[in-house]
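Okay, here's what each chain looks like letter by letter:
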Amino acid sequence: MVNLTSVFVGHNQFEGQIPESIGNCKKLKELQVDGLYSVGGRIPTTLGQLSNLEFLKLDTCDFTGVLPRQLGNLKQLTFLDVSANSLKGELPTELGKLVNMKTLGLANNDFTGTVPTEFGNFVNLGA
């Protein structure tokens, strides 16, 4: 599995969590896990090790906890959608490092606090 570049598993009947070992898939560019109401738990911090990741879609599942600050390591990321989960807490300022971001979906969670000023670095976000 270390040579995988794309994984799309949305809208199936899978259960459980994304394994921490996902961080071993160093060539991964696209990961789509959406519409899986029986997939949840915490978003693995090891996703932050996927330095080639450009597209990360984790919406409409049952993810809980905070959005991992390690996602700020994904310098190639242009698309991030974690909408419609049960995420909470403050948004990590580290996400402001993702200057290539074009699409950012955070809706329908329980985030608190203010939008970090570092989000002003998202100069490529679409309207």
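Residues numbered from 1 in each chain as written. Predicted model: local features only at pLDDT ≥ 70, side-chain atom pairs only at ≥ 80, totals over all residues. Heavy atoms only, no water.

1. Comments concerning the pattern of salt bridges
- Counted under the stated rule, the structure contains 2 salt bridges.
- Residue Lys57 pairs with Asp59 through a salt bridge whose shortest N-O separation is 3.0 Å. An identical accessibility class is assigned to Lys57 and Asp59; each is buried.
- One salt bridge in this structure joins Asp81 and Lys57, with 3.7 Å as the shortest N-O distance. (Salt bridge = Lys/Arg side-chain N within 4 Å of Asp/Glu carboxyl O. Buried < 20%, exposed > 50% of the residue type's maximum accessible area, 1.4 Å probe, protein only.)

2. A word on the sheet that holds strand E9 (residues 110-112)
- In spatial order, the strands read E3-E5-E7-E9; together these 4 strands make up an open sheet with parallel pairing. The open sheet is flanked by strand E3 (40-42) and E9, the only strands paired with a single partner. For this sheet, the mean inter-axis angle between neighbouring strands, taken without regard to orientation, is 15 degrees.
- Pairing analysis gives 3 bridges linking E3 to strand E5 (residues 62-65), with the strands arranged parallel. Across the sheet, residue Arg42 finds its bridge partner in E5, namely Thr64. (Pairing = 2+ DSSP bridges. Helix = DSSP H or I, 4+ residues; strand = E, 2+ residues; numbered from the N terminus. Axes fitted to C-alpha atoms, helices over the stretch in contact; angles between N-to-C directions.)

3. Re the packing of aromatic side chains
- Tallying each qualifying case throughout the model produces 2 aromatic pairs.
- Plain terms: the ring middles of Phe55 and Phe79 are 4.3 Å apart, the flat faces sit at 15 degrees to each other, and that makes the pair stacked. Residue Phe55 is found in strand E4 (residues 55-57), and its partner Phe79 is found in strand E6 (residues 79-81); the two are separated by 24 residues along the sequence.
- Residue class for Phe55 comes out partly exposed when judged on its relative accessible area of 21%.
- The buried category is assigned to Phe79, whose relative accessible area is 17%. (Phe/Tyr/Trp six-rings, centres within 6.5 Å; stacked < 30°, edge-to-face > 60°.)

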